[in-house]
Structure formats: C-alpha cells, structure tokens
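Report on the structure
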Amino acid sequence: MPFDAAPPRLWVPKRVLATPAALAWPEGAAMAERAAALGAELVWLKSDRLTGLPDTYRDAKTTLALVVAPPSKRRPQPIPPSADFRFDLAAGCPAHCQYCYLAGSLAGPPIIRAYANLPEILAELPPLLGQGRVTSTDAARVGEGTTFECSCYTDPLALEHITGALATAIRRFGEWEAPVQLRFTTKYDAVEPLLGLPHNRRTRIRFSLNAAGAERFEGGAPRMPARLGAMRRMAEAGYRIGLTIAPILPIPGWEAQYDRLLADCAAALDGIPDPDLTVELITHRFTESSRKILRDWYPGSRLEMEDASRSRKTTKFGGIKYVFPREQMAALRRGIEASLARHLPQARRLYWT
C-alpha cells in the first residue's frame, strides 16, 4: 500500500454556534475566527444555552458549537483499559463511521462541541499524578507514567485546525517534568501543525486503522494510505506511536486483509529508530441503544448487527452489549496476533477486547 502525502482535506463546519461564555475565553474567540476564515457561518447566540439545533443527522454533523465545559465535564474520569484518566477537549466527531460508539454515548443530535475553557480543563490534571490504576500502578505499563486520554468522545486531530486545543495540550505535557503521557487516537492525517511541537516524547498518537474491506464503513475519514503517511511523519518527529486496530470485523478474507494491514504498518515505520510502538485490538460490539441510533443515521448500512450472530455480554455497569461468539472471537485473536508477531514483533500489545 503506497503512503499518501497529498495535502489533507480539512473539515469545515457549515454553521458555528458561538456561546457568549465561550467567546469570553481567548481560545474560544480564536476558534470562531479560524472557523470564519474557513468559510463557516457564525451564529452568535444570545445566551449560553444551545438553541436552534438541527433536526437532521446531516445538518447536525456539519454544526460546531463553541461552548464552555462545566465542572462535571472537566473532572477527569478513569478510562480502563486505555489509560488512567480521560479528559475532554471536545465532544462529537465529523466522520461518518457506521459503527460509531459515540452513538450510544452522547445524547441529542450529533453536533460537535468544542470546549473553549482549555486552561480550566488542563488545570484539573496535575493533582492526579500517580493516582491512576491502569498505568500508574500496573507493573507492565508503569513505564508510561500517569496516562491521560483526550480522544474518548472526539477525534481531536479532526478539529485541530479550528480549535488548536491539541497543540496546547501537547505543549503542556511536554513542559510537565513528571512521568506522564498524553494519549489520543485519530483517523485523520492533518498532522503538520504538530510536527515541530516540543512534545518531549510525552505524547503518544495512536492511529485508528482497519482492513481495506472495512473502509466502506468509515465515511468522511481519510483512507488508510493517508493515515499511514501521517503516522510515519509523526514517528519521524519523535512522537510515541500506537496502533488502534478497530473495530475488528470478520469481513470476507479477514485474515489476509488484517495481515496486509499490519504489513503496511510495518512498512510505514521501517527505519524509524524508536517509535515505542503499542497496539490496541478492539473487536466490534454494539448495544441496543447504539444499534437503534446507528440504523437511523445509516439506514442503508450493510454493517452486520444481528442478535443471532452475536453473544450477549453484561457490562460492569449492568448493561448488555453484543459481541462476537467465543469461538469466532478466539479465531480472530489467533489470526491477528499471529500477524502482529510476524510483522511487528517489537510492538507491545496493550489489550484485546
């Protein structure tokens, strides 16, 4: 697979709903200016309550709201098995992934909310140093330090040309003289603004990748060659690199397809002296509520989400999710882990789920 070095296509919202509270922050005012410069329509709201929200999926996915994260949204939360804590720079994503887990996680129309009060959000992090239970105290991962995930409810790189929030967070972690790591996952490729930042190897960028046969379920996101090219550029800039292979699907010829993907990943990192490569392997799953929303959003989708082909699993919170049956899950794991050992023997597998 050739690596794509073409200029990235940046997402441009059609409308930006700007709240007074967001515009009171310099970061929020800068976001509004950047969006306007791209051609977005700015709507100046009279209050901090979001009004005039679109009714349709298409209109919602082209709407950006500039808001302030309230205290409840600023408080970092544990996020196993990925990291010690998560914090949010935004909520919502401009891509059109037909398996999107945000469908069951975020309420209301799928507009994108960018948080302007970044200084307040980042101020919540230092007291948590050494307090996590995923990497801070795990003997196998303690070398990562206290880890903070900022892409749980968004793809921050997809919005970076408007928000600038990711660069601010990377600089802050680069200045933080402590065993810490910023982590984020992305499907996007517009990494150029991040390449020269003083990250001091305290940021791990994980690229969300999938087999070629699964790309049809990822509308609006850059194709795999573009992501692999961006991964190489970030590795050359000294960032720690991660692969998030997700969602793993038993597509026709899945074993050969995932083997090809991992061979392409190895080629993209060939010659990089120390990418400190990690791999996270995540199989497809859904809940009743997410399936209902996704079928409403993507009525023509061919993504399999049938009870008969799945096993029911109770979550730690008492909910029900549908996963692949045990034998199928085991076969997927054997095949993909064998490909990992063949193509990327130096990679550390963090988890399979």
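Preceding this section is the structure that the text describes.
Residues numbered from 1 in each chain as written. Predicted model: local features only at pLDDT ≥ 70, side-chain atom pairs only at ≥ 80, totals over all residues. Heavy atoms only, no water.

**Here we look at the pattern of salt bridges**
- Following the criterion strictly, the structure yields 26 salt bridges and no others.
- Among the salt bridges present, the one from D276 reaches R240, with a minimum N-O distance of 2.9 Å. With D276 in the loop between α9 (254–268) and β14 (278–283) and R240 in strand β13 (residues 240–248), this pair connects stretches of sequence that are 36 residues apart.
- The partly exposed category is assigned to R240, whose relative accessible area is 22%.
- For the salt bridge of E337 with R349, the shortest nitrogen-to-oxygen distance reads 2.9 Å. On the criterion of sequence distance, the pair formed by E337 in helix α11 (residues 326–343) and R349 in strand β17 (residues 348–352) is long-range, its members being 12 residues apart.
- The exposure class assigned to E337 is partly exposed, which follows from its relative accessible area of 23%.
- The class of R349 is partly exposed, set by a relative accessible area of 37%. (Salt bridge = Lys/Arg side-chain N within 4 Å of Asp/Glu carboxyl O. Helix = DSSP H or I, 4+ residues; strand = E, 2+ residues; numbered from the N terminus. Buried < 20%, exposed > 50% of the residue type's maximum accessible area, 1.4 Å probe, protein only.)

**As for helix α6 (residues 156–163)**
- Of all eight residues in α6, seven are buried; the element is thus mostly enclosed.
- Here α6 has its buried residues at P156, L157, A158, L159, E160, I162 and T163.
- Looking at the residues trailing α6, positive phi occurs at G164, about 70°.

**Thoughts on unusual backbone geometry**
- With omega at 0°, the peptide bond leading from P80 into P81 counts as cis.
- Considering the arrangement of structural elements, one finds P81 in the loop between β4 (77–79) and β5 (83–86).
- Unlike most non-glycine residues, N200 shows phi in positive territory, near 55°.
- Tracing the chain through its elements places N200 in the loop between β10 (180–186) and β11 (203–209).
- Despite not being glycine, R201 shows a phi value in the positive range, around 60°.

**Things to note about helix α7 (residues 165–175)**
- Taken residue by residue, α7 has A165, L166, A167, A169, I170, F173 and G174 as its buried positions.
- Tucked inside the fold, the buried residues of α7 contact α5 (118–123), β9 (146–149), α6, β10 and β11. (Contact = heavy atoms within 4.5 Å.)

**Details of the layout of surface pockets**
- In this model, the second largest pocket occupies a volume close to 420 Å³.
- Lining the second largest pocket are 17 residues, with R9, L10, G220, A221 and P222 sitting closest to its centre.
- Taken together, the residues of the lining of the second largest pocket sort by class into 11 nonpolar, two polar and four charged. (1 Å grid on protein atoms, 1.4 Å probe; cavity = no way out; pocket = protein on both sides within 12 Å on 5 of 7 lines; lining within 4 Å. Points joined across faces, edges and corners; volume = space filled by probe spheres on them. Nonpolar A, V, L, I, M, F, W, Y, C, P; charged D, E, K, R; others polar.)

**Remarks on the nonpolar core**
- Core analysis: the largest hydrophobic core is formed by 92 residues, its most contacted members being F87, L194, L243 and I245.
- V16, A22, A35 and A114 belong to the second largest nonpolar core, which has 16 residues in total. (Core = buried A, V, L, I, M, F, W, Y, C linked by side-chain atoms within 4.5 Å.)

**Focus: the packing of α6 against α7**
- Two elements in contact, α6 and α7, have axes whose closest approach is 7 Å; the angle formed by their N-to-C orientations is 100°. On the basis of the axis angle, α6 is roughly perpendicular to α7. Residue-level inspection shows P156, L157, E160 and T163 of α6 in contact with α7, the latter providing A165, L166 and A167.
- Looking at the contact of α6 with α7 residue by residue, the class counts come to five nonpolar, one polar and one charged. (Axes fitted to C-alpha atoms, helices over the stretch in contact; angles between N-to-C directions. Parallel < 35°, antiparallel > 145°, perpendicular 65-115°, else oblique.)

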